[in-house]
Amino acid sequence: MAAIVLDGKQIALEIEEELKVRIANLEDNGVTPCLAVVIVGDDPASHVYVSSKERACARLGIRSIRVDISADAEYGEVVSNVRRLNADPAVNGILVQSPLPNSMDEIAITDLIDPVKDVDGFHAQNLGRLVQGDVSGLLPCTPAGVMRMLESADVDLSGKRAVVIGRSRIVGMPQSILLAQKGVDATVTIAHSRSVEMATLCKEADVIIAAVGISNMVTSDWVKPGSIVIDVGVNRVNDDSEKGYHLTGDVHPDVRRIAGMVSPVPGGVGPMTIAMLMSNTVRATEMQQ
Ligand code: NAP
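In this text the structure is predicted, and so the values were computed from the model without any measurement.

Caption draft 1: Up close: the domain arrangement of the protein. Segmenting the protein into domains produces domain 1 (30–115) and domain 2 (141–270). Taking only C-alpha atoms into account, the centre of domain 1 sits 28 Å from that of domain 2.

In structure tokens:
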């Protein structure tokens, strides 16, 4: 039987409906949430991501500010902009779009953001709280979106074997912590580029979260029948189309024939990430009142 396809777009719309009520409550108290996005350079994919964040803000009535900085700007210009946004009481959320030019230290910039405005959830204080088991604050958007997607599908993760492929600061590592947290209770294996026997590891898993950045890496022979496979990957593959490329995930489309549930690319984790960013912006605004 073909897998159930988890519709990230639909779940994201439901999250937006919940957020509209909270935004209306803030408006009743004279507060309009405001998200500021700092973008450095002209990476086309980054500009596409920032535009979709701006569109989500517009749909919800969140004010958005965009600070464009040229790729050859001094590091100090990024720092001074983050400090200015930190000090502005009308700004509730700040994110610095990744990637930054190689010359700039992304972690140092993240740690300059006021933790209560850190809507990406990457500040050491917010990641530290997550490690301490406190999930009430600002969580990294993509892993939180995956958790919300699993919750929407009524997946009980307790005692399930989960393999997270990827250990990045922004996806794989926080994802693993969220899956293993008390109350969720999955048994988590973190796989990475030095892991061996990936097919065997994955074949034993009830849940696979692929966050690697390698097109179609997880193939159907890696997957246990009936398991849940969440595809975080977004890979641009060049083709002869007008755009010149199409998007693929880290999971091969054939996996749908074996798995019990899958998330599509596009239309899966991507819209969930944006919805969780909007959710963090509203949460940050509420925390600041
Ligand atoms: P990243 O920082 O490049 O991390 C990739 C991870 O994959 C690393 O931990 C790396 O291991 C591991 N890896 C690389 N090759 C591997 C292999 N052959 N076998 C097993 N593990 C391997 O990437 P990221 O930022 O986490 O993003 C991962 C993917 O998710 C990308 O496609 C990205 O575009 C996508 N993404 C999507 C969203 C969304 O909203 N849908 C959001 C963020 C990211 P090492 O640590 O050993 O190098």
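Caption draft 2: Just the packing of aromatic side chains, in detail. The full count for this structure, using the stated rule, is zero aromatic pairs. Its guanidinium or amino end placed over the ring of phenylalanine 122, arginine 169 lies 5.5 Å from that ring's centre, counting from NZ or CZ. Positioned above the aromatic ring of tyrosine 245, the side-chain terminus of arginine 236 is 4.1 Å from the ring centre.

Caption draft 3: Expanded view of the site of the ligand. Taken together, 21 residues sit near the ligand, with Arg167, Ser168, Ser193, Val232 and Thr273 positioned nearest. Separating a nitrogen atom of the ligand from a backbone N or O atom of histidine 192 is a distance of 3.4 Å. Here serine 193 contributes a side-chain N or O atom positioned 2.5 Å from an oxygen atom of the ligand. In isolation the ligand exposes 930 Å². Once the protein is present, 69% of that is buried. Of the residues forming the shell around the ligand, the biggest block, three residues, is contributed by helix H9 (residues 269–288). Across the shell around the ligand, the residue classes tally to ten nonpolar, ten polar and one charged.

Caption draft 4: Broad picture of the state of the cysteines. A full pass over the atoms with the stated rule returns zero disulfides. With no disulfide of its own, cysteine 34 lies closest to cysteine 57 among cysteine sulfurs, the gap being 8.3 Å.

Caption draft 5: Representation of the pattern of salt bridges. Under the definition given, this model contains ten salt bridges. Among the ionic pairs, glutamate 106 bridges to arginine 169, the shortest N-O distance being 3.8 Å. Here glutamate 106, found in helix H4 (residues 106–110), pairs with arginine 169, found in the loop between strand S5 (161–165) and helix H7 (172–180); they are 63 residues apart in sequence, far enough to count as distant. For glutamate 106, a relative accessible area of 22% corresponds to the partly exposed category. Residue classification places arginine 169 among the partly exposed residues on the basis of a relative accessible area of 27%. Between arginine 257 and aspartate 254 there is a salt bridge; the shortest N-O distance is 3.3 Å. For arginine 257, a relative accessible area of 61% corresponds to the exposed category. Each of Glu54, Arg66 and Asp68 takes part in a single network of salt bridges with overlapping partners.

Caption draft 6: Local environment of helix H3 (residues 75–87). For H3, with 13 residues, the first-to-last C-alpha span of 19 Å sits near the 18 Å given by 1.5 Å per residue. Within the sequence span of H3, burial applies to Val78, Val79, Asn81, Val82, Leu85 and Asn86. Projected down its long axis, H3 carries its buried residues within an arc of 165 degrees, all on one side. Residues of H3 that are exposed and point more than 90 degrees away from the buried face comprise Arg83 and Ala87. Turning to H3, the residues buried within the fold contact strand S2 (34–40), strand S3 (63–69), strand S4 (93–96) and H4.

Reading guide: rules and limits
- Residues numbered from 1 in each chain as written.
- Predicted model: local features only at pLDDT ≥ 70, side-chain atom pairs only at ≥ 80, totals over all residues.
- Heavy atoms only, no water.
- Domains from an automatic or database assignment.
- Phe/Tyr/Trp six-rings, centres within 6.5 Å; stacked < 30°, edge-to-face > 60°.
- Lys NZ or Arg CZ within 6 Å of the ring centre and 35° of its normal.
- Near = heavy atom within 4 Å.
- Polar contact = N/O pair within 3.5 Å; in protein donor to acceptor, adjacent residues only side chain to side chain.
- Areas by Shrake-Rupley, 256 points an atom, 1.4 Å probe, with all protein chains shown as cover.
- Helix = DSSP H or I, 4+ residues; strand = E, 2+ residues; numbered from the N terminus.
- Nonpolar A, V, L, I, M, F, W, Y, C, P; charged D, E, K, R; others polar.
- Disulfide = S-S within 2.5 Å.
- Salt bridge = Lys/Arg side-chain N within 4 Å of Asp/Glu carboxyl O.
- Buried < 20%, exposed > 50% of the residue type's maximum accessible area, 1.4 Å probe, protein only.
- Expected span 1.5 Å × (residues − 1).
- Arc of directions from axis to C-beta.
- Contact = heavy atoms within 4.5 Å.

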